[in-house]
Amino acid sequence: MRLRNIKGAGEVIEANEFVIKNPEEHKGKWNEVFQNDHPIRIEIGMGKGQFIMEMARQNPNINYIGVERYSSVLLRALQKHQETELTNLYFLCIDARTVEDIFAQGEIDKIYLNFSDPWPKDRHAKRRLTSREFLTRYDKILRADGRLEFKTDNRGLFEFSLEETKEAGWKIQQHTFDLHQDESMNVGNIMTEYEEKFSSMGNPIHKMIIYR
Ligand code: SAM
């Protein structure tokens, strides 16, 4: 998702207390930001934030961080966040390639990837958020028993992701090619903006949960 540049987005983000600036400074100390020891879960590429805001609302004893690369997109999430009183959700405007500089080993309890950009050209495979290169980065921040959950309607990207999981030495706990028809995996499912859009067009949603 890339919205046209919005004038002033940078200033709004700079002034918002829920967007953490210089996040590297909190590496290994994110519990101080939240002022508690609750587990921390991140969504990488959260877009306008519908999923992570609903997760934070339903689970006040879990901390959430929404990661989004583009300020114009993050701005939309912040506008929605203003209408809530959530204190267990912060945001980062960063490229996910830098996650190892921001979180310490084992600091993250769960990683969510929802409808990540497919980067269809082979030469761009390393940019896919489920590539082995990214799995190696996640390995450095995820708790030993942590989980990564990925949803997409893109069959090619999903099959690639299942392959990369094995190549990177991760294991598949559960997967489905049709989440909304899968009684057990769909329990408590929270839809993202893209999930609502693509499932309403009749696209089946694929999901995998993986661990090391
Ligand atoms: N997760 C949302 C959903 O399911 O509705 C948005 C999906 S949108 C297709 C993918 C989002 O991931 C975009 O907003 C994009 O800017 C963000 N993104 C892609 N690559 C990223 C990266 N390397 N670091 C941070 N965000 C990224």
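Our structure's up above, just so we're on the same page.
Counting of residues starts from 1 at the beginning of each chain's written sequence and follows it residue by residue. Confidence filtering applies because this is a predicted model: local features only for residues at pLDDT of at least 70, side-chain atom pairs given and counted only at 80 or more, and all residues used for totals across whole chains, interfaces and linings. Neither water nor hydrogens contribute to the side-chain values; these are computed over all heavy atoms in the structure.

Engineer: Can you help me understand the pattern of salt bridges in this one?
Structural biologist: Any two side chains of opposite charge can pair, given that their charged atoms come close. One speaks of a salt bridge when a side-chain nitrogen belonging to Lys or Arg is within 4 Å of a carboxyl oxygen belonging to Asp or Glu. Applying the stated criterion across every chain yields a total of 16 salt bridges. Among the salt bridges present, the one from Asp 117 reaches Arg 69, with a minimum N-O distance of 3.9 Å. On the criterion of sequence distance, the pair formed by Asp 117 in the loop between β4 (108-114) and α6 (132-139) and Arg 69 in the loop between β2 (63-67) and α4 (71-81) is long-range, its members being 48 residues apart. Exposure is judged per residue with a 1.4 Å probe applied to protein chains only, and the accessible area is read against the type maximum: over 50% gives exposed, under 20% gives buried, and values in between give partly exposed. The exposure class assigned to Asp 117 is partly exposed, which follows from its relative accessible area of 34%. With relative accessibility at 36%, the residue Arg 69 sits in the partly exposed group. A salt bridge links Arg 212 to Asp 139; the nearest nitrogen and oxygen atoms lie 2.7 Å apart. Each helix is a run of DSSP H or I of at least 4 residues and each strand a run of E of at least 2, with the numbering of both proceeding from the N terminus.

Engineer: What exactly am I supposed to notice about the nonpolar core here?
Structural biologist: Note on soluble globular proteins: their nonpolar side chains tend to be buried together. Side-chain atoms within 4.5 Å link the members of a nonpolar core, which is a set of buried Ala, Val, Leu, Ile, Met, Phe, Trp, Tyr and Cys residues. Core analysis: the largest hydrophobic core is formed by 54 residues, its most contacted members being Ile 44, Phe 103, Ile 111 and Tyr 138. The leading source of residues in this core is helix α3 (residues 50-58), at 5 residues. Any two residues whose heavy atoms approach within 4.5 Å at even a single point are treated as in contact. With residues up to four places along the chain from it excluded, the contact list for Phe 103 reads Lys 27, Trp 30, Ile 42, Ile 65, Leu 92, Ile 108 and Ile 141. Judged by nonpolar contacts, the second largest core, of 6 residues, contains Phe 115, Leu 179, Ile 205 and Ile 209.

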